[in-house]
Protein chains: 2
Amino acid sequence: MSHTEIKTYMQSVGIAARKSSRVLARAGSALKNNALLAIAASIDGARIELLAANSLDMDRGRENGLDDALLDRLELNAERIDGMIEGLKQVAALQDPVGEITDMGYRPSGIQLGQMRVPLGVIGIIYESRPNVTIDAASLCLKSGNATILRGGSEAINSNQAIAGCIASGLASAGLPEDAVQVVNTTDRAAVGELITMTDYVDVIVPRGGKSLIERVSAEARVPVIKHLDGNCHVYIDDCADLKKAVAIADNAKTHRYGVCNAMESLLIAESVAAKVLPELAKIYTEKGVEMRGCEKACAILSAITKASEHDWSEEYLAPILSIKIVSGIDQAIEHINHYSSQHTESIVTEDFNRGRRFIVEVDSSSVIINASTRFADGFEYGLGAEIGISTDKIHARGPVGLEGLTSQKWVVFGDGQIRQ
Amino acid sequence: MSHTEIKTYMQSVGIAARKSSRVLARAGSALKNNALLAIAASIDGARIELLAANSLDMDRGRENGLDDALLDRLELNAERIDGMIEGLKQVAALQDPVGEITDMGYRPSGIQLGQMRVPLGVIGIIYESRPNVTIDAASLCLKSGNATILRGGSEAINSNQAIAGCIASGLASAGLPEDAVQVVNTTDRAAVGELITMTDYVDVIVPRGGKSLIERVSAEARVPVIKHLDGNCHVYIDDCADLKKAVAIADNAKTHRYGVCNAMESLLIAESVAAKVLPELAKIYTEKGVEMRGCEKACAILSAITKASEHDWSEEYLAPILSIKIVSGIDQAIEHINHYSSQHTESIVTEDFNRGRRFIVEVDSSSVIINASTRFADGFEYGLGAEIGISTDKIHARGPVGLEGLTSQKWVVFGDGQIRQ
C-alpha cells in the first residue's frame, strides 16, 4: 500500500471504531459479557485454524532468524489457547465499572451533581510478538465499553488475523458491531504513524513492548499515551528493619522472577545494619547466581561485590544482576530513589512508624510499599482482575491499569429548570 | 538571550522546580495555607508597586496598539487586586486533597492496599494577558502541593514579575522555598518550547488562552497537556419538554453571558414542538439582539432566522449569535451533538425518564445536563471552589478542573513481611 492508501485505510478504521464506540458506550454489562464468552467459544472452536496460522508465523520467524526468546513469545499452543479462553472468562466475571455514578449531591443553586464513569471511546493498542495480547487487550477494552484498534507486530500477523476472525464472529453472534475490535491488516509502519496521530478517532494509545517502541510512540503521538517505561525498583532496608523480614523481602524482590518490571534492581541498606544483613543476603544471591555491583562501602564489606558504575543506579537489568548502595539513612535513601528510580515501585523495610510514613509520602513512585516485596505491584495482586499494563506516567492512571484506567468520568447534572442567576 | 542561554535558564528553572516540589509534596495543609495567606498579605502591602508595574505594561500596550478588550484584560486596579487577595483566602479555605488514602483493604496475600492522593509534581502554566491568572494558578498549584512554573504573556511581563515578587516573599515568610512558584523572566518564545518539552522537570502543562495558543502548545508539547479547546455547547429541547423550562433554559444558556465557554452556541429542537417554542424563543433572542442562523426547517418557521452554513454547526461564536436546528427527535439530537460538539457541555430539556437517561449516557461530553442551563458547568457552581480550567480532554481530568485535577493517586501497600509465592 502507498502512504496515501494507508492513510485512507487507517482513517476508515478510525471512523468505524468511533462509530462502534457509540454502540459500546451504551451496551449493558450483560451484552458485553455475552460477547466475551462468545469470543471464548469462537476461539475454542478454532483451535486448529489458530495453530495453523501461528505455524506460518513461526516458520517465517525461523526463516528470518528470530531468536529463541522471541520465537517462544510468538508461539501459540494448546495451553496458551486455554489461557486466552480462561482470560476472556475472567474478564467477563469482573465488575463493570461503566455507568457508576458517584457523589451525587445538591449544590446551592438546586442542581444535583455527580460523576458518571464512562468509556474513553476508542483505544489504540500497539504491541509486539505475543499474539495473546490481542485477546488480553481486546477483552479489557471491550468490557470497559471501548472500541479497540489493535496493531500487533509484523511477525505475528497471521496469528493476530486468525484471532481477529474469532473476535469478530464472537462480537457478531452477541449482536455487537464486528468493528468494535479491529486488527490493523497491514504491517507497514506508516499505519502506526497514522494511528497515533488520528486525534479525531482515537482517544488514547497504549503501547506494549520494548522501551524503544514505547519511546518512539510517545515521541510521535498526538493522541494521549498511557505508557510503561522502566521498572527500576528499589528496596530500602532501614536501620529499624526487622532483618528477618528484610532478608526475605530483598531475596524475593530480586530472585522470584528476573525478567519482570516489578523485580528489585537496586538495594539500599542503612549503614548501621549493612555489615550484618549484607553478608546474609549475599550468600543467598551468590547461591542463586545473582551478580552484585555495589558502591565503595558495599565493596568494602564483601569482596564478592564488584564496583558499580554511575550507570548501574539507573539500570533496569531484567536479569540476575543487582546494584547495592549503603546509605546513611532514610534521607539519603529517599533522595537516591527520587533521583534514580523510574517511579515504578519501591519498598521500605522498617519497624519505625515515622520512617514508614515518610517513605510512602515522600517517595514519588506509582507504588510505595512498607514491609512487603516489590513483586506485589501488579494488577492481579492488587485485585484489578487483569491489567492492560503498569503506567509509569503520573496523569490519568498510575501503576497497574485495569478496567477503571480505561474509563473516564463525566459530570452529570439533574435539574428541574434551574438557570444561572 | 541566545537559544542556548534560554535552554540553560529554563533547565535551571526546571531543576529548581523539581527540587522544591519535593518540599511541597511533604508540606502539610497548615504550612501551605500559611503561605497562601502570607502571599495575600504581601500583595496587599505592595498595591502601589503592583499598580506602577502594571501601568508600565499598560503604557507599552497602548504604544503597541493593543485593542481595548486586551487592555482591559491587562489592567490591574484596586478592585482586581482585592479579587486576587480574596481568591488566595478562598483557596486557603478549601479542603486539601493531598494525603487522602482511600479504599484501604486486605488482599488474599495479606498485604493491605489503598490509594493515596498526591501532587503531580511540577506544573507549567502558559497564559496570556490577564495578570491575575498568575495568582489564580499559583494558588491552586500551591494548595495541591505542586511546584509551578508560570509563563505569562509578554504584554504583562512587568505586572507578572511584580506579582512574582509578592509570591516569593509570601513563600519565604511561611518557610517554603521561594522557587516553589517561579515566573519565567524572559518573553522569548523559545522559553515556551523548552518548558513544554522538559519531561524530566515538568509533569503537566496547562495552557490558558486563545485557541491558537492551546493548539500550538498541544502540537509541540512532550509533557502531558490538560487543555481546554472549544466550548460549542448545545441545548436540546425534546418533544417531551416542559416548554416553560425549555424557554427559560435556552434563554439563559445563550444570553446570560455571551463570551463564556459554557454558553449555548447551538440549539436543537424536536420537530413536533418547534413551531410552538421557536417563535417564543425567537422573540426573546430578537429583543436581546441575538442573531439566529438556522437549518431550512427553522428558516421555514420564522423569517427572522437566516440560513446557517455547514460551518455554523461547529462554531463557538462567543457572541450574540446562535445556530438552530430542527431535529426529528432524540436520536438525531444525540447524533448531531456527538458529531459537531466540542464535548464541553450539553443539556436536554425533557420530562421523559428514558430520554433523559439516554442523553446522559450517550452524549460524549464532559458535562451532560438534564433540565438546567449549560451555564452551570464551571468550578464554582460545581463546588470545586476554584478551577484551573475546564478540560475538554477525556483522560485524567474532564470538565472543570479544581485541586483534585492537579493531583494523582499512588498505590500504598502495608505488609508485615509478605513475599510473593
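All of these numbers come straight from a predicted model, not from anything done at the bench. (Residues numbered from 1 in each chain as written. Chains lettered and ligands numbered in written order. Predicted model: local features only at pLDDT ≥ 70, side-chain atom pairs only at ≥ 80, totals over all residues.)

Participant: I keep staring at the overall build of chain A and nothing clicks. Help me out?
Facilitator: When its secondary structure is counted, chain A shows 14 helices and 16 strands. On C-alpha atoms alone, chain A measures out to a radius of gyration of 24 Å, which is about the 22 Å that the 2.2 N^0.38 rule sets for 421 residues. Dimensions of chain A along its principal axes, counting C-alpha atoms only, are 70 × 65 × 40 Å. For chain A, buried positions account for 53% of its 421 residues. Partitioning the intrachain contacts of chain A with sequence separation of at least 6 by distance along the chain shows that 72% fall at a separation of at least 24. (Helix = DSSP H or I, 4+ residues; strand = E, 2+ residues; numbered from the N terminus. Rg over C-alpha atoms; globule rule 2.2 N^0.38 Å. Buried ≥ 20, exposed ≤ 12 C-beta atoms within 10 Å, placed from the backbone. Contact = placed C-beta atoms within 7 Å.)

Participant: I keep staring at the packing of helix H2 (residues 29-44) of chain B against helix H7 (residues 157-174) of chain B and nothing clicks. Help me out?
Facilitator: Geometrically, a packed helix pair is captured by the angle between its two axes and the distance between the axes. Residues and elements named next belong to chain B. Running from N to C, H2 and H7 point in directions that differ by 135°, and their axes come no closer than 7 Å. Classified by the angle their axes make, H2 and H7 are oblique. Here the hand of the crossing between H2 and H7 comes out right-handed. In this structure, H2 uses Leu 31, Asn 34, Ala 35, Ala 38, Ile 39, Ser 42 and Ile 43 to contact H7, whose residues at the interface are Cys 166, Ile 167, Ser 169, Gly 170, Leu 171, Ser 173 and Ala 174. Within the contact of H2 with H7, the residues separate by chemical class into 9 nonpolar, 5 polar and no charged. (Axes fitted to C-alpha atoms, helices over the stretch in contact; angles between N-to-C directions. Parallel < 35°, antiparallel > 145°, perpendicular 65-115°, else oblique. Left-handed = near helix turned anticlockwise from the far one by under 90°. Nonpolar A, V, L, I, M, F, W, Y, C, P; charged D, E, K, R; others polar.)

Participant: Quick question: what am I supposed to make of the interface of chain B and chain A here?
Facilitator: Interfaces are often described in size by the accessible area the parts lose on coming together. Tallying the contact residues gives 55 residues for chain B and 55 residues for chain A. Of all the secondary-structure elements, those providing two or more residues to the side of chain B that touches chain A are helix H1 (3-25), strand S2 (112-119), helix H10 (243-255), helix H14 (353-362), strand S13 (367-372) and strand S16 (407-418) of chain B. A total of 11 residues in the side of chain B that touches chain A trace back to one element, the largest contributor, which is S16 of chain B. Grouping the amino acids of the side of chain B that touches chain A by side-chain chemistry returns 23 nonpolar, 18 polar and 14 charged.

Participant: Any chance you could explain H7 of chain B here in plain terms?
Facilitator: With 18 residues, H7 of chain B should cover 26 Å at 1.5 Å per step; its first-to-last C-alpha distance of 26 Å lies within 8% of that length. All of the buried residues in H7 of chain B are Ile 157, Ser 159, Asn 160, Ala 162, Ile 163, Ala 164, Cys 166, Ile 167, Ala 168, Gly 170, Leu 171 and Ala 174 of chain B. (Expected span 1.5 Å × (residues − 1).)

Participant: What should I look at first to understand the environment of Ile 237 of chain A in this one?
Facilitator: Residues and elements named next belong to chain A. The residue Ile 237 is located in strand S7 (residues 233-237) in this model. Owing to 28 C-beta atoms within 10 Å, Ile 237 belongs among the buried residues under this scheme. The spatial distance from the C-alpha of Ile 237 to the C-alpha of Ala 27 is 50 Å, given a sequence separation of 210 residues. Sequence-distant contacts of Ile 237, that is, excluding residues within four places in its chain, are made with Ala 246, Ala 250, Ile 269, Ala 270, Val 273, Val 277 and Val 349.

Participant: Explanation requested: the relation of the copies chain B and chain A in the structure shown.
Facilitator: In this arrangement, two copies of a chain are superimposed by a rotation about an axis accompanied by a shift along the axis. Of the two same-sequence chains, chain B is brought onto chain A (RMSD 0.0 Å, axial shift 0.0 Å) by a rotation of 180°. Put plainly, the chains are arranged around a two-fold axis. Every residue of chain B has its C-alpha some distance from the rotation axis, and the shortest such distance is that of His 396 of chain B, at 1.8 Å. Taken together, the interface assignments show that 100% of the residues at the interface of chain B recur at the interface of chain A, consistent with an identical surface on both copies. (Least-squares fit on C-alpha atoms with pLDDT ≥ 70 in both.)

Participant: I keep staring at the pairing of S16 of chain B and nothing clicks. Help me out?
Facilitator: Regular strands have side chains that alternate between both faces of the sheet. The buried fraction of S16 of chain B is high, at 9 of 12 residues. In this sheet, S16 of chain B lies alongside strand S13 (residues 367-372) of chain A in parallel orientation, the contact comprising 5 bridges. In the strand pairing of S16 of chain B, Ile 369 of chain A is matched with Val 413 of chain B. Of the pairings in the sheet, the one linking S2 of chain B to S16 of chain B comprises 8 bridges and is antiparallel in character. Residue pairing for S16 of chain B: Val 118 of chain B is matched across the bridge by Ser 408 of chain B. (Pairing = 2+ DSSP bridges.)

Participant: Where do I start with the sheet that holds strand S9 (residues 291-294) of chain A in this structure?
Facilitator: Strand-to-strand pairing in sheets goes through backbone hydrogen bonds, with the strands running parallel or antiparallel. If you walk across this open sheet you meet the 10 strands as S10(A)-S9(A)-S11(A)-S8(A)-S7(A)-S12(A)-S13(A)-S16(B)-S2(B)-S1(B), and the pairing is mixed. In the strand order of this sheet, the two ends are held by strand S10 (306-307) of chain A together with strand S1 (101-106) of chain B, each with one partner. Bridging between S1 of chain B and S2 of chain B involves 4 bridges; their strand directions are antiparallel. By the bridge assignment for S2 of chain B, Gly 105 of chain B is matched with Leu 113 of chain B. Contacting S7, strand S8 (264-270), S9 and strand S11 (321-327) of chain A, helix H11 (residues 271-287) of chain A crosses the sheet at an angle of about 145° to S8 of chain A.

Participant: What should I look at first to understand the domain arrangement of chain A in this one?
Facilitator: Parsing chain A into structural domains produces domain 1 (3-226 + 402-413) and domain 2 (233-376). Here the C-alpha centre of domain 2 of chain A lies 37 Å away from the C-alpha centre of domain 1 of chain A. (Domains from an automatic or database assignment.)

Participant: So what exactly am I meant to see when it comes to the sheet that holds strand S8 (residues 264-270) of chain B here?
Facilitator: Read from one edge to the other, the open sheet built from 10 strands follows the order S1(A)-S2(A)-S16(A)-S13(B)-S12(B)-S7(B)-S8(B)-S11(B)-S9(B)-S10(B), with strand pairing classed as mixed. The open sheet has two free edges, formed respectively by strand S1 (101-106) of chain A together with strand S10 (306-307) of chain B, since each of these has just one partner strand. Of the strand pairs in this sheet, strand S7 (residues 233-237) of chain B and S8 of chain B are connected by 5 bridges, and their pairing is parallel. The residue bridging His 234 of chain B from the neighbouring strand is Ser 266 of chain B, located in S8 of chain B.

Participant: Got a minute to help me understand unusual backbone geometry in this structure?
Facilitator: Backbone geometry at Asp 103 of chain A places phi at a positive 55°, although glycine is not the residue there. Structurally, Asp 103 of chain A is set in strand S1.

Participant: Before we go on, may I ask you to explain the nonpolar core in this structure?
Facilitator: Nonpolar side chains tend to gather and get buried jointly when the protein is soluble and globular. Counting 76 residues, the largest nonpolar core has Ile 39, Ile 167 and Ile 205 of chain B as its most contacted members. The dominant element in this core, judged by the number of residues it contributes, is H7 of chain B, at 8 residues. When sequence neighbours within four positions are dropped, the list of residues in contact with Ile 167 of chain B reads Ile 39, Ala 138 and Val 181 of chain B. The next biggest cluster of nonpolar side chains, apart from the first, holds 75 residues, and it includes Ala 17, Leu 50, Ala 147 and Val 217 of chain A. (Core = buried A, V, L, I, M, F, W, Y, C linked by C-beta atoms within 7 Å.)

Participant: So what exactly am I meant to see when it comes to helix H11 (residues 271-287) of chain B here?
Facilitator: The α-helix advances 3.6 residues per turn, and as a result positions three or four apart in sequence lie on the same side. Residue and element names in this part refer to chain B. Given a rise of 1.5 Å per residue, 17 residues ought to cover 24 Å, and the 24 Å separating the end C-alpha atoms of H11 matches this to within 8%. Roughly 40° is the biggest bend found in H11, and it falls at Val 277, with proline Pro 279 one to four residues downstream. Among all positions of H11, only Ala 274, Val 277, Leu 278, Leu 281, Ala 282 and Tyr 285 are buried. Buried positions along H11 lie against S7, H10, S8, strand S9 (291-294), helix H12 (296-301) and strand S11 (321-327). At the C-terminal side of H11, Gly 289 shows a positive phi close to 75°. (Bend = angle between axes of the 7 residues up to and from the residue.)

Participant: Explain the pairing of S8 of chain A to me, please; I cannot follow it from the model alone.
Facilitator: All names here are of chain A. Among the 7 residues that make up S8, 7 are buried, leaving the element largely enclosed by the rest of the structure. Pairing between S8 and S11: 5 bridges, direction parallel. Bridge pairing in S11 links Leu 268 to Lys 325.

Participant: Help me out: how do you make sense of the confidence of the model for chain A in this one?
Facilitator: Parts of the prediction with low pLDDT should not have their coordinates interpreted in detail. For chain A, the mean per-residue pLDDT works out to 95, and 100% of the residues sit at or above 70. The ipTM value of the predicted complex is 0.93, and its pTM value is 0.92. (pLDDT = per-residue confidence, 0-100.)

Participant: For this particular structure, what's the right way to read the environment of Ala 168 of chain B?
Facilitator: All names here are of chain B. Examined against the element boundaries, Ala 168 turns out to sit in helix H7. In this structure Ala 168 comes out as buried when scored by C-beta crowding, with 20 C-beta atoms within 10 Å. Considering only alpha carbons, one finds Ala 168 and Ala 275, 107 residues apart in sequence, at a separation of 61 Å.

Participant: Looking at this structure, how should I read the environment of Ser 144 of chain B?
Facilitator: Residues and elements named next belong to chain B. Relative to the assigned elements, Ser 144 resides in the loop between helix H6 (132-143) and strand S4 (147-151). Along the backbone, Ser 144 and Thr 187 are 43 residues apart, and their C-alpha atoms lie at a distance of 27 Å. Residues within four places of Ser 144 in sequence aside, it is in contact with Pro 97, Val 98, Pro 119, Leu 403, Leu 406 and Thr 407.

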